[in-house]
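Notes for the structure review
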Amino acid sequence: MKVVILDDAANVAKYGAGIFLDQLAKKPDSVFGLATGSTPLSLYRELIDSNHRGEVSFAGVKTFNLDEYMDLAPEHPQSYRHFMNREFFDHIDINPDNTRVPPGDAANPLVACREYEAAIRDAGGIDIQLLGIGRNGHIGFNEPTSCLSSRTRVKTLTRETIEDNARFFREGEFQPQLSITMGIGTIMEARLVVLLATGRSKAKAIRAMVEGPVSAWCPASALQMHPATVVIVDEDAASELTDPAFFKHIEAQNQALLARLQGQA
Ligand SMILES: N[C@@H]1[C@@H](O)[C@H](O)[C@@H](COP(=O)(O)O)O[C@@H]1O
C-alpha cells in the first residue's frame, strides 16, 4: 500500500486525476471502476477539464460504478446513476452505453448482481478502481463485518452510513436502507486501486485501514493485501497515522527515483 500525503484536497484531486490521465495515455480503452460521494468530485472536475482542453478522450473507456442504493430508480436525484451522469458522464465524451452502475431498481437484484460481475469480467476486468472511504472504514457499501472475499451483492447499510448520507435526502423523504455493492473480492481484482480521503472525519478510518489488522471490522483494511493500492490523503485525513513523515519520505524517494529513471530513458 502506497500512502501519499499532500497539503490539501485540491492536490489530492490533482494527483489522483494524474493517475487516470497517465492510464488513458497508455490505454485509451481502459476500464475504470468509479465511486460516488463528495470526495471524488474534484478529481472528476480535473478529468472533465482535461477532456474539454482536448488532452484526453473517454470515447473508448468503459466504467463500472461501485455501488447503488436499492429501490431508487436511476432518474431519482439521489441515485448514484443520477449523481454520475450529473457530476461526470454528462460532461465528457464517453459513450453512455459504456457506463454501468448497479441497477438499484432491478426486478431481481440477485440476478442483477451476477450479471454485474459477468459484465466486469467480459470487459476484461477493471484497470483502475477509484475509492472513497466511509468513516467506519467501508469501501463501496461494504460495511463493517463484510466478507473480505465478497462479490457484488445486496448489503444492508449501517446506521452510521444512513446518518452520514441523510444530508442528501429531504426531510421525510424515503431513504434506502439497502444497497447493491461490488464486493471486496471484486474490488481486490482491480489492477490498480486509488483511494482518496480528505478531512479529519476520515482520519480514524485511514489509520485503521493503513495500520490496523486486516479485519472485516474495517473493510478497507483488506487493501493491505492488494498488490497495487495508492492511498492519497490530505494532512487532515493523515493526522492519526503513527508516522506520516515516513510516508512523505518514501514519496520523496519515489519521485527522485522516477526522475532518475526518466533521465536515463
Ligand atoms: N457508498 C459511498 C462510498 O463509496 C463513499 O466512499 C462514502 C464516503 O463518501 P464521502 O466521500 O462523501 O465522504 O460514501 C458512500 O457511502
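Residues numbered from 1 in each chain as written. Predicted model: local features only at pLDDT ≥ 70, side-chain atom pairs only at ≥ 80, totals over all residues. Heavy atoms only, no water.

1. A word on the UniProt feature "site: Part of the allosteric site" (unreviewed entry) in the chain
The following threshold applies: UniProt positions are given in the numbering used here, feature names are shortened, and annotations may be inferred rather than shown by experiment. Only DSSP runs of H or I with at least four residues qualify as helices, and only runs of E with at least two residues qualify as strands; both kinds are numbered from the N terminus onward. Here, residues are in contact when the closest pair of their heavy atoms is within 4.5 Å. Here a polar contact is recorded for every N or O atom pair within 3.5 Å, except that within protein the pair must consist of a potential hydrogen donor and a potential acceptor, and residues adjacent in sequence are included only if both atoms are side-chain atoms.
The UniProt record marks S146, R153, K155 and T156 with the feature "site: Part of the allosteric site" (unreviewed entry), using the residue numbering of this structure. Considering the arrangement of structural elements, one finds R153 in strand β7 (residues 153-156). If sequence neighbours within four positions are ignored, R153 has contacts with C113, N142, S146, C147, S179, I180, T181, M182 and G183. Separated by 2.8 Å, the side chains of R153 and N142 make a polar contact. Secondary-structure assignment places K155 in strand β7. Sequence-distant contacts of K155, defined by excluding residues within four places in its chain, comprise F141, E143, S146, Q177, L178, S179 and T181.

2. Focus: the layout of surface pockets
Note the cut-off: Here a cavity denotes a set of grid points, spaced 1 Å apart and computed over the protein atoms alone, in which a 1.4 Å probe fits but from which it cannot get out, and a pocket denotes an open set meeting protein on both sides within 12 Å along at least five of seven lines; residues with an atom within 4 Å of a point are reported as lining. Grid points are joined across faces, edges and corners, and a volume is the space filled by probe spheres set on the points.
Reported here for the largest pocket is a volume of approximately 610 Å³. Along the wall of the largest pocket there are 32 residues; nearest its centre are T36, G37, S38, N165 and R167. Elements supplying a minimum of two residues to the lining of the largest pocket: β4 (67-69), α3 (80-87) and α5 (159-165). Estimates place the volume of the second largest pocket at around 300 Å³.

3. So, the nonpolar core
In plain terms, the rule: In these notes, a set of buried Ala, Val, Leu, Ile, Met, Phe, Trp, Tyr and Cys residues joined through side-chain atoms within 4.5 Å is what counts as a nonpolar core. For each residue, the accessible area found with a 1.4 Å probe, counting protein chains only, is set against the maximum for its type, and the residue is called buried under 20%, exposed over 50%, and partly exposed in between.
By size, the foremost hydrophobic cluster in this structure holds 62 residues, and its most contacted members are L43, F58, F88, L195, I206, M209 and V233. Element by element, the count of residues in this core is highest for helix α1 (residues 9-26), at 6 residues. Those residues in contact with F58 that sit more than four places away from it in its chain are L24, F32, L47, N51, F88, I92, D93 and I94. In terms of nonpolar packing, the next biggest core, distinct from the first, is built from 8 residues, Y69, V101, L157 and I162 among them.

4. A word on the environment of I19
By the secondary structure assignment, I19 is in helix α1. Separated by 145 residues in sequence, I19 and D164 place their C-alpha atoms 29 Å apart. With sequence-adjacent residues up to four places away left out, I19 is seen in contact with I128, L192, V194, V230 and I232.

5. Structural notes on the side chain of E117
Following the sequence through the fold, E117 ends up in helix α4 (residues 109-122). A relative accessible area of 9% places E117 in the buried class. There is a polar contact of 2.7 Å between the side chain of E117 and the side chain of T186. When neighbours within four sequence positions are excluded, E117 is seen to be in contact with R151, T152 and T186.

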